[in-house]
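In case you want the letters, here they are:
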Amino acid sequence: MDVVFKAAERTFEAGPGKTGRYFSLPYLEEQGFGAIHRLPVSIRIVLESLLRNCDNKRVREADVRALAAWKPTEERTAEIPFVVGRVLLQDFTGVPLLVDMAAMRSAVDHLGRKAEMIEPIVPVDLVIDHSVQVDYYGRPDALEKNLAVEFERNLPRYQFLKWGTQAFETFKIVPPGIGICHQVNLEYLAQGAIKTAVDRDPAAQGSGRAEGLASDKAPLYYPDTLVGTDSHTVMINGLGIVAWGVGGIEAEAAMLGQPIYFLTPDVVGVHLHGQLQEGVSGTDVVLAVTELLRKTKVVGKFVEFHGSGAAALPATERATIGNMAPEYGATMGFFPPDEETCRYLLATGRSAEHVEAIRRYFKAQGLFGIPEAGQCEYSQVVELDLGTIQPAIAGPKRPQDRINLSDVKARFADLLAAPSPDGYGRPANDRAARYPIHDDGQRTPARVGGGGEQDSDRVPVGKHALESTQGTATLTEREMMNNRPTPDALVGADAEIAARNLDLGHGDVLIAAITSCTNTSNPAVMLAAGLVAKKAAERGLKPRPTVKTSLAPGSRVVTEYLKKTGLQPYLDQLGFNTVGYGCTTCIGNSGPLDSHVEEAIVRHDIVGASVLSGNRNFEARVHQNIKANFLMSPPLVVAYALAGSMNVDLTRESLGRDRDGKDVFLKDIWPTNAEIQALLGQANDPATFRRLYSDLAHQTPMWTEVPSPAGTVYQWDQQSTYIQEPPYFFGFGKELPARSQLRSARALAIFGDSITTDHISPAGAIKPSSPAGRYLKERGVEVGDFNSYGSRRGNHEVMVRGTFANVRIKNLMVPGVEGGVTVHQPSAEQMSIYDAAMRYEAGKVPLFVFAGLEYGTGSSRDWAAKGTALLGVRAVIARSFERIHRSNLVGMGVLPCQFKDGTTAESLGLKGDETFDLLGLEGDIAPRQEVTLAIHRQDGKTDTVPVILRIDTPIEVEYYLNGGILPYVLRQLLGRAS
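The notes below deal with the structure included here. (Residues numbered from 1 in each chain as written. Predicted model: local features only at pLDDT ≥ 70, side-chain atom pairs only at ≥ 80, totals over all residues. Heavy atoms only, no water.)

### Comments concerning the overall build of the protein chain
What counts, and what does not: Where helices and strands are cited, they refer to DSSP runs of H or I of at least four residues and of E of at least two residues respectively, numbered from the N terminus. Only protein chains enter the accessibility calculation, which uses a 1.4 Å probe; a residue is then buried when its area is under 20% of its type maximum, exposed when over 50%, and partly exposed in between. The Shrake-Rupley method, run with a 1.4 Å probe sphere, supplies the accessible areas, and residue values consider only the shown protein chains as cover. In this tally Asp and Glu are treated as negative and Lys and Arg as positive; neither His nor the chain ends contributes. Where a charge lies is defined by one atom per residue type: Lys uses NZ, Arg uses CZ, Asp uses CG and Glu uses CD.
Tallying secondary structure elements over the protein chain gives 35 helices and 35 strands in all. With respect to the principal axes defined by its C-alpha atoms, the protein chain has extents near 80 × 75 × 55 Å. Scored against the burial criterion, the 978 residues of the protein chain give a buried share of 65%. A total accessible area of about 32,700 Å² is found for the protein chain, and carbon and sulfur atoms account for 50% of it. Averaged over its 101 positive side-chain charges, the protein chain has a centre that lies 1 Å from the centre of its 115 negative ones.

### Some details on helix α9 (residues 282–296)
To keep things clear, this is the line we draw: A helix's residues, less one, multiplied by 1.5 Å, set its expected span.
When the terminal C-alpha atoms of α9 are compared, their 21 Å separation across 15 residues agrees well with the 21 Å that a helix rising 1.5 Å per residue should span. Most of α9 is tucked away, with 13 of its 15 residues classed as buried. One or two positions beyond α9, positive phi appears at Lys297, with a value near 65°.

### A closer look at the side chain of Thr264
Basically, it comes down to this: The contact criterion used throughout is that any non-hydrogen atoms of two residues lie within 4.5 Å.
By the element assignment, Thr264 lies in the loop between β11 (260–263) and β12 (267–273). Setting aside its immediate chain neighbours within four residues, Thr264 contacts Leu67, Trp70, Arg76, Ala78 and Ile80.

### Brief notes about the pairing of strand β22 (residues 548–551)
For the record, the criterion: Note: two strands are recorded as paired if DSSP finds a minimum of 2 bridges between them. Orient the strands so they point away from the viewer; a crossover is then right-handed if the path from the first strand over the helix to the second runs clockwise.
Here β22 shows two buried faces, one formed by Lys548 and Ser550 and the other by Thr549 and Leu551. One ladder, built from four bridges, connects strand β21 (residues 509–514) with β22; its direction is parallel. Bridge pairing links Ala512 to Thr549 in β22. The β-α-β motif built from β21, the intervening helix α19 (residues 523–538) and the parallel element β22 has right-handed crossover chirality.

### Remarks on the sheet that holds strand β14 (residues 332–334)
Our working rule: Axis definition: a line fit to C-alpha positions, over the contact stretch in the case of helices; interaxial angles, taken between N-to-C directions, run 0 to 180 degrees.
Read across the open sheet, the four strands follow the order β14-β13-β12-β15; overall the sheet is parallel. A strand with exactly one partner marks an edge of an open sheet, and here the two such strands are β14 and β15 (380–385). The sheet shows a mean angle of 25° between the axes of neighbouring strands, taken without regard to direction. Sitting on the sheet, helix α3 (residues 41–53) touches β12, β13 (302–306) and β14, and the angle it makes with β13 is about 120°.

### What about the nonpolar core?
One broad rule of soluble globular proteins: the nonpolar side chains tend to lie buried together. Worth spelling out the cut-off: Take the buried Ala, Val, Leu, Ile, Met, Phe, Trp, Tyr and Cys residues and link them wherever side-chain atoms come within 4.5 Å; each set so joined is a nonpolar core.
Trp244, Phe305, Tyr328, Phe850, Tyr855, Leu918 and Leu933 are the most contacted members of the largest nonpolar core, which has 310 residues in total. The residues touching Tyr855, leaving out its near neighbours within four places in the chain, are Phe751, Ile755, Ile760, Phe804, Val849, Val876, Ala878, Ser880, Phe881, Glu882 and His885. Core analysis: the next-biggest nonpolar cluster, separate from the first, contains seven residues, Val134, Tyr136, Tyr137 and Val149 among them.

Quick look at the structure:
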């Protein structure tokens, strides 16, 4: 390290009588490195990491100097090697990551080397939160029953995870039943600033040694930074912590001491000013921000909030806004640390001593406080007056499609009439139709029209029936797709539905979920939901029994304050019993609907709706048979559950009638800000947080009872259908693999715009007739034991068969057909994408995928890239890519290429019967170089078009040449240990 950088190490008073060390950013400015105090705060925190980790190997002096000289509008060509302080995992992505780590140890062991060299260098926390499903709901024991089913379904995975805790020193687990990873991170794992008593020994990198050098120096302080394998890791940005979501592939590299490489970002400053109107929630703010920033086009950029409006927002509402960064496309939505950050850390149980050290550290660095307008330089400044925000929802297919609450009824009517893909194309005589639930075989509507009829359906009803009356009816294949654990696990209100002869229409709300992630970290909106439930229950209102209601808090702290305030019983009365602590509805773990209700939806092709307080509403994500999905605040979820339909104007029309037959309007039960504020103190009890986050291993007794194997190298079970050794390191050698030519390739699929990782990556239930279902049945797995794709992410054989198998994906090679279907060439046979890929693989034919704009939006699912690679796809050629998925493709050795100048698959007239060459890759590869796509058509003609190689940085070139990031890291570790 340069002597100037060494001199940047300074000391500060960390507290009364306590001294801390830090690497001083103000010192760099004193030495002429530029006006660092004018840089965005987020850039300065990344700069601190470069300064502290500068060793001229992983991080060079030139990297420090380049970022210190960041300019708001210059061309972005330099890459940043960002070394993070820790890594956060959730179990859906964490299990395959641990499988990969185990496979790396096996590979090292097979080479006769010490397997322990594969050891995380930084602390790793895995939160088991994505495995709970809403099988039981609307009953007092729903939580306990869902947790029991979760353990029954996932025992092999949990045994494997427990093996990881004893095999790796720095790998820790937060067991099931504690909370969702983002909220656990916010309430428990976040440090604000990290201190370490000794300096890490650089020679220990990759050696498996966790110890550092003994030191008599004062503790070293540095900002808490991390990456996580869930895109909503960015919730922690609300506490002034630089973090974002990455795929499991990148996370593994970070665990093994590799920097996260990314292009120097633009930073968009969002200037918040003004005050929220009465009745406007934090969710309304985030939906407005999401709409605004999607229009601003912030993909791949940092977003930093500043101004008086930002400073006035509580930390929990900042976290709500930060959490939606993937929805507005940014790398992160960052709020700098300030006194509000300190207040939150104290309220959630951190010690006063630690919080004081955080405050003093950030003040010493000049990083404390929300900047005022004009205080920092930004690439672009966007203005948002908080006073202009109105109550709203978003949907029915994308988070950025905001609808003012007063316009929802009219907008839904327009959507019913509008043609696909934006609308549902329903003819005029069908839009107001009502269809029977208990069908006698007739396909005619029960009645048409009838505002009065619909109103009568919203009168108060008696106690929900708690047990299903399915009797001995045989479950159809469609029903078995839901993987019900036992016939009585589906708890609806079937008896009441039959007794009242209820029916369904387009726009009826069938799933109403106060679900974790975006909103349940915010006590204000959760208490508002409880107050709406209280006022509604006191008037005698209830949802229709056709509505599946659930409450999945982000942590057990939410349950504590809802009980303390006396609000949970009212939520229970409306069917919003707690069903689990984890990611449920948003991730597709909403569970099955009542069987008769679902049968009616499928039979009559009803456009049903879900209302949820989460962040994702892509097609087929919440439930495969629910077509319209709307994001909203928790109190609005309760309101729409009561109304039972999207065909109601909640600002003007009645939710239903009370016990006296009087209409009840939303304004009658909506809480005031003063009512919410009066209860907030009970949500901020440090003792509660400390109690609930202590001794985590024993907070969920079933976790302690899970047996696990021992040893440093995992003993793979060839019979397991959950955990299998992946093929990434089969035949691995220290030398670079030979580079093959991409010639005579075939199109595996041609897609349009906005193909999400939900469309690409296996998710949700496993259909028995699918390739994955056939694989499991061939191995003796009963259909009822299929579980979900998410639970089987540790088995590549299942996952590759489910790649591109989403029921709503549309391959333009097969017009008019939905699902994972393609046409094999030259046979011209129609078959599943997996079956076609395997036939091509047998003939060693390279495969391409073509797509439109925003390819790979959504969650940071590494299986979207892993499955693509295992299918034999060598390149994806799209009009544009979402950040994480593009990076993951490179990390798996798949070339992302981008069309130029508005060129599309449609403008090129691609049908899927062509062959393709990708030319220009024979020599040295440079980031973003131009290469040529040659298209050989059936008539013998050949066209050529330029495309941009979206390998964006020099390190990504290395990843590609090594066949992916994992082989690259393993070769580095083996070379270092030689």
